[in-house]
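# Observations on the model geometry
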Amino acid sequence: MLRSLRLLCGFFLIACAWPANAQAGLPEASWRAVRAMTAEEHACFVGAPTDASKPVVVILLSPRMVYSLLEWARMKQTAEALGYRVLSWKDPRVPEAEWRAALASPAATTTDPAALLAMPVQCNSLWRGMNHSPMSLVLLGSHLHPWPVWGVMPEEAWREALRFRLLALKRALVRSSFQ
């Protein structure tokens, strides 16, 4: 009887600690993939002092992927509503003249051109291997979820991708604090 009661209490605690959608959908590989950022990554992604408890999503955008400029304002708002600090970077492989033309296009009116920043120079080597934009990475404190979120997606899918990465980051951080 006591054993059954302990088991029941354990399940209750697990249910309170993790959201219902995460219990069924967070593979061990996801939180095991989370890792501490290297010094180079930390200098690139974090830069200015920030609240270490607030997640950050960094997106690399390109006018060569048409929907990234049409949909990013919506995706940015969704991320901010979930509590993320958002860094929107222009893909440095795209010439500045092409950026200006794309941002001046009537099709890009939903994107705030001033919100798109040049990628910091110290980040060039980190993004050199990426061959697709848009592409996002999720960070929390000094940890990174190395699985990128690729492309533009409907709001619910984007929201779930961000929640999934953040949950994996939090779970990995809690787990590492016990080891």
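Before any of the text, the structure's been laid out above.
Everything numeric in this text was worked out from a predicted model, so none of it was measured.

Along its length, the chain carries eight helices and six strands. Going from N to C terminus, the chain has its helices and strands arranged as α-α-α-β-α-β-α-β-α-β-α-β-β-α. A total of 179 residues make up the chain; the buried ones form 39% of that total. Looking at the chain alone, contacts between residues at least 24 apart form 78% of all its contacts between residues at least 6 apart.

Locating H145 in the fold gives a position in strand β6 (residues 143-150). Excluding anything up to four places from it in sequence, H145 contacts S30, V34, L137, V138, R165, A168 and L169.

Moving on to the sheet that holds strand β5 (residues 135-140). Read across the open sheet, the six strands follow the order β1-β6-β5-β2-β3-β4; overall the sheet is mixed. Edge strands, defined here as strands with exactly one partner in the open sheet, are β1 (35-36) and β4 (117-118). In this structure, strand β3 (residues 85-90) lies alongside β4, joined through two bridges in parallel fashion. Directly across from W89, in β4, lies its bridge partner L117.

Applying the stated criterion to the full structure yields one aromatic pair. Pairing W72 with W158 gives two aromatic rings, centres 6.0 Å apart and planes at 75 degrees, and the pair type is edge-to-face. With W72 in helix α5 (residues 66-81) and W158 in helix α8 (residues 155-178), this pair connects stretches of sequence that are 86 residues apart. Looking at W158, the relative accessible area reads 0%, which means it is buried. Cation over ring: K90 sits above W99, and NZ or CZ is 5.9 Å from the ring centre.

Time to look at the side chain of S30. Looking at the element boundaries, S30 is found in helix α3 (residues 28-33). A distance of 3.0 Å separates a polar atom in the side chain of S30 from a polar atom in the side chain of H145. What S30 contacts, discounting residues up to four positions off in sequence, is H145, W147, F164 and A168.

Judged by nonpolar contacts, the single largest core of 27 residues is most densely connected at V57, W72, Y84 and W158. Where this core is concerned, the elements lending two or more residues are β2 (56-61), α5, α6 (96-104), β5 and α8. When residues in this core are grouped by element, the largest group, seven residues, is from α8. Setting aside residues up to four positions removed in sequence, W158 forms contacts with V57, W72, M75, T78, A79, S136, V149 and M153. Core analysis: the next-biggest nonpolar cluster, separate from the first, contains 15 residues, F45, V56, L139 and L144 among them.

Our next topic: the pattern of salt bridges. Using the criterion set out here, one finds ten salt bridges in the structure. One salt bridge connects R64 with E98, and the closest N-O pair in it is separated by 2.9 Å. Separated by 34 residues along the polypeptide, R64 in the loop between β2 and α5 and E98 in helix α6 bring together distant segments of the chain. Assessed through its relative accessible area of 29%, E98 is described here as partly exposed. Between E71 and R74 there is a salt bridge whose closest N-O contact spans 2.7 Å. In this pair, E71 and R74 are both assigned in helix α5, three residues apart and thus about one turn of the helix distant. Classification of E71 by relative accessible area gives partly exposed; the value is 25%. Overlapping salt bridges bring together E155, E156 and R159 as one network.

Parameters at a glance
Residues numbered from 1 in each chain as written. Predicted model: local features only at pLDDT ≥ 70, side-chain atom pairs only at ≥ 80, totals over all residues. Heavy atoms only, no water. Helix = DSSP H or I, 4+ residues; strand = E, 2+ residues; numbered from the N terminus. Buried < 20%, exposed > 50% of the residue type's maximum accessible area, 1.4 Å probe, protein only. Contact = heavy atoms within 4.5 Å. Pairing = 2+ DSSP bridges. Phe/Tyr/Trp six-rings, centres within 6.5 Å; stacked < 30°, edge-to-face > 60°. Lys NZ or Arg CZ within 6 Å of the ring centre and 35° of its normal. Polar contact = N/O pair within 3.5 Å; in protein donor to acceptor, adjacent residues only side chain to side chain. Core = buried A, V, L, I, M, F, W, Y, C linked by side-chain atoms within 4.5 Å. Salt bridge = Lys/Arg side-chain N within 4 Å of Asp/Glu carboxyl O.

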